Amino acid sequence: MININILKPTSSNFQTYLYIGSALIFIGIFDVFLRSFFNINYLTFLPGSLNFLFPLIIGLVGLQMIRLEYSGNRIVDKINQNINNNTFNAGLTLIIIFLTLLVIPPALDWMILEATISGDTKEACVATEGACWTYIKVWFRRFMYGMYPNDFHWRINTAFIVLIAFAFVGYFMRGKLKNYITFYYAILYPIIAFIIINFLISGGSFGLEWVETNAWGGLSLTFIVSFFGLIFCFPLGMILALGRRSELPIIKYISIGYIEFWRGVPLITVLFMSSVMFPMFLPSDAFVDKLIRVIAAIILFEAAYVAEVIRGGLQALPRGQYDAAKSLGMGYWKMQIFVILPQALKLVIPGIANTFLALVKDTPLIFVVGLSEVVGMLQMAKTNPKWLGYAMEGYIFASILFWAICYAMSKYSQYLELKYKTER
Amino acid sequence: MNHKIKSIIPQLLTLLFVVAVIGFFTINAQLNMEERGIDFGYGFLNQESSFDVQFSLIEYDGSHSYAKAYLVGLLNTILVSVLGIIFCTIIGVIIGIARLSPNYLIRNTAAWYVEFFRNVPLLLQIFFWYYAALRALPLPENTEPLFGVTYLTVKGYYIPRLIWENFDILIYSILAAIISIVFIRNYARKLQEEKGQQLPVLLISVGLLLVFPAITFVTGMVQLEVALPVLKQLSKTSFIYAEGLSIPPELLALVLALSLYTATFVAECVRAGIQGISKGQKEAAASVGLTPNQILKLVIMPQALRIIIPPTTNQYLNLTKNSSLAAAIAYPDLVLVFAGTALMQTGRAIEIVSITMLTYLTLSLSISVLMNWYNKKIAIKEK
Amino acid sequence: MSESIIQMKEVNKWFGDFQVLKDINLEVKEKQKIVVCGPSGSGKSTLIRCINRLEEHQKGQIIVDGNELSEKTKDIEKIRAEVGMVFQQFNLFPHLSILDNCTLAPIWVKKTPKKKAEEFAMKQLEQVQIADQAAKFPGQLSGGQQQRAALARALCMEPKIMLFDEPTSALDPEMIKEVLDAMVNLAKAGMTMIVVTHEMGFAKEVADEVVFMDEGMIVERAKTNDFFANPKNERTKLFLSQIL
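Residues numbered from 1 in each chain as written. Chains lettered and ligands numbered in written order. Predicted model: local features only at pLDDT ≥ 70, side-chain atom pairs only at ≥ 80, totals over all residues. Heavy atoms only, no water.

What follows is about helix H11 (residues 267-281) of chain A. Taken as a whole, H11 of chain A carries its principal kink of about 40° at Ser274 of chain A. Judged by how many residues are buried, H11 of chain A sits mostly within the fold: 12 of 15 residues are covered. Every buried residue of H11 of chain A is accounted for by Leu267, Ile268, Thr269, Val270, Leu271, Phe272, Met273, Ser274, Met277, Phe278, Met280 and Phe281 of chain A. Against helix H10 (249-264), helix H12 (290-316) and helix H15 (349-362) of chain A together with helix H1 (2-36), helix H10 (334-346) and helix H11 (349-378) of chain B lie the buried residues of H11 of chain A. (Bend = angle between axes of the 7 residues up to and from the residue. Helix = DSSP H or I, 4+ residues; strand = E, 2+ residues; numbered from the N terminus. Buried < 20%, exposed > 50% of the residue type's maximum accessible area, 1.4 Å probe, protein only. Contact = heavy atoms within 4.5 Å.)

This is the structure we're talking about:
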């Protein structure tokens, strides 16, 4: 058995050990590099398992040889502290490096190097072995706008821009108007949004052609559903949060019942309920558009979660605020609207951002009740007879899309959390 | 007097509002049902279901009742949830600890794992595994065995089936082991209290759990046969592996997606728990001479678990609710079997959807109640 | 001449590039009470944390009760059992009662039977006058009570040396006295103590010698009276003028 102490460096012979060790590490990584990029394996004369483990063993030996605490060489010290403080860590580090080398090249190869994006038909893709991004390019508009007529896409774009503009009005409210911020976001803004969506996207008046909701789809539908979901479940959630904190028993227990009910059932059953049961609950001659039913169900569902988030904020507010407001002679509603809620909502902005994020991630579910947002469009595109076999590209595209949106939102919510933490 | 009226009026109004809404729905429902000739009742549960289910843990076919179908769906949901919970816990704990590693590479790899799998919608992840990744697996006839006796194919994961003789005796032996472990632990505790000596309780427990069942094997009371999967030709081009146990790709995709997704949240809970323990605790424990293992067991874990367990249980609940997404890939869970197929066949929307929602509600509420009881019991007392 | 129970020879320590201890030479004899003072960042806490190896030194020698502290030391826990420590933030275990806090180490490290450990713990708690709080939890005690409990916890291991890392710095003024009183009693009972503190009143009453540290070095060390009456170094004079 080799005496492992031979491999331990000391301050005197460190230079030699450093050279030999670095060389060994390099050989190990280079070996994996060759195998992965060029499929060269010059160690075939070794028995199977030894062949496979060779780079790992060499790398471990090399790392052991350069592991000297406080060697004086800055780079080596940094490496030793971070990834080489014991054999276990060294091994894990090597494995991660090797896995990266083994996985990335084939993936890059397929996704970029051998992929195509030119052309308009399947023929352009059949020739290559790589990913077929032409498929995405051709279907892109569908993924974004669903079956909405191409000529009218400007209507959707305009509607969104206008909505975002109205959302920022809150930042510019000064002076006396600031008191009405809650009122604006809770009541006025939802109404404005509804009007805009109704007239611009749905159409039917003012010379704009009517487009039925079944044709709405893609990412724009995702946004519409998430957006309406959030702005309407917001006031409802506020009422429920206040109700749960109320001292009046009936109101309190009805609120608790509502919240616990909607938080205890999966969203899919709620959606089923909305498409199958809602018609039963309404007079038979009243027809409610499927999209509106689905959004209503989502609003009722998410309101329960928003209520819990807001309740957290209400609880975190120091009692002194309540006392001060009461001592000034404010009634219950005045106190809530002008003193308590504005502060509580500020506290829970990150929580609400998280809920919104969860809502966006939940919207793909509406595809099971027949509304084709992005994932629904993916399924539709995948089974189109002209484009069979490109499911993987579709899912990768959708994953990257959602990931980018959700990552951006979660980073923004973290930024908000930090900002409001330091402000207090 | 005035105050009493002030508090009664809002409550009355709210109550009236709720009653009015419920009443409105009920009346409409009754009218609609009369119009369409549908009656209301749960008697249909005893009728023959006349549909088969692809995957079931118990004996079931079309001649069994709808109630049995409900049970099949429920068991499948529980199966997926339990498997998902086990795997997401293992992965979550590893990633959570890795997030705090001093090793730069490990720490960042774990961080990217969390950021990636958390921000892609679960449904998309399920679809990816089911329609893209698992579809790329080879056909049964072209598969190389994994670990020698299992076959990961596009038609499912085929593993050996265990056939037990006298399985109940094995259960008794395990029970006996557990009972004796309880006795040993009590004895060890008394011994420590009185004489200060410590017994290696963990080692002894593990030993007992292994030895007792082993005895049943060695003496021949319990016998185990292993049925290996064998390639069988169904038709000219269609092969499967028979004799063994086949795990359908739907179940695989679902468990994979659920575990990887929920593990990100569990990892964050674990990380919060470990970080929530101030460094001073470790130092204080070290300064009185406790070994690192003792510090972990007596000081760190008790505090960390109090922080970790409540939100993690919440995640388990979310996983169970998310398992309902099985409907999207035709895994026969409760929602697909009952609120999907059964509902389509009988048209009894209100009864079926209400039963389904009630089932999930019961599950959620009982776990909530359990969690609240547990929290109160172990709460660290403060002023 | 009694043998030194703590010997520190040419001790140097770095945090990365920053040198926090420079050529520290310190000898402490049994039953001696030493107070270490100095401005923030001077390395006082690091110094005493090296003595029970909560921090590791890179150069030099530290010998505690005949045992040298180095990375080759086996059973560092045995050495730590002989050295008790009281922290600025108390660091009581919040999930255990005060009594359990005190008996945890004796039971698990010294393998004392539970009853004996509890009896001894109650005696220590009586010494610091919080015996009536034994069944309560740390979260239910005031700061001063918690720190006294932390002192009792350390004493339950019957250490030969007690280290104090700014024990009263996190306390409200009205509670500082009760903790200092407990420490004075301990000193009178003959314990070897090294105390990092700003409480100069305590130093004058109890300390045999005072050590002044600045920027990682021991600048001055003298018997208590000499230290306060005739500080020799300019930096010592400056420091004393600021805090007295």
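Having put the structure on the table, let's press on.
With that out of the way, let us pick up the interface of chain B and chain A. Listed per partner, the contact involves 54 residues of chain B and 55 residues of chain A. When chain B packs against chain A, the two sides together hide about 4,800 Å² of surface, and 74% of this comes from carbon and sulfur. If you look at where chain B meets chain A, you find zero salt bridges. The interface formed by chain B and chain A contains nine residue pairs in polar contact (both at pLDDT 80 or more). Among the elements of the structure, H1, helix H3 (104-119), helix H4 (122-133), helix H7 (249-275), H10 and H11 of chain B are those that each provide at least two residues to the side of chain B that touches chain A. Considering each element in turn, the side of chain B that touches chain A owes the most residues, 14 residues, to H1 of chain B. Among the residues forming the side of chain B that touches chain A, the class breakdown is 37 nonpolar, 12 polar and five charged. (Buried area = accessible area lost by both parts, 1.4 Å probe. Salt bridge = Lys/Arg side-chain N within 4 Å of Asp/Glu carboxyl O. Polar contact = N/O pair within 3.5 Å; in protein donor to acceptor, adjacent residues only side chain to side chain. Nonpolar A, V, L, I, M, F, W, Y, C, P; charged D, E, K, R; others polar.)

All right, on to the interface of chain B and chain C then. With 31 residues of chain B at the contact, the number on the chain C side is 31 residues. The contact between chain B and chain C buries some 2,700 Å² in all, and 60% of this surface belongs to carbon and sulfur atoms. Linking chain B with chain C are two salt bridges. Notably, a salt bridge pairs Arg49 of chain C with Glu283 of chain B, separated by 2.5 Å at the nearest N-O pair. Contributions of two or more residues to the side of chain B that touches chain C are made by helix H5 (167-195), helix H8 (279-287) and helix H9 (292-322) of chain B.

The next thing to look at is a positive patch on the surface. Residue and element names in this part refer to chain B. Together, Arg185, Arg189, Lys190 and Lys297 line one region of the surface with positive charge. Among the elements that line the positive patch, the one with the most residues is H5, at three residues. Here Lys190 lies in helix H5. (Patch = residues over 30% accessible without salt bridge, like charges linked within 9 Å, V, L, I, M, F, W, Y side chains within 5 Å. Areas by Shrake-Rupley, 256 points an atom, 1.4 Å probe, with all protein chains shown as cover. Lys, Arg positive; Asp, Glu negative; His and termini not counted. Charge placed at Lys NZ, Arg CZ, Asp CG, Glu CD.)

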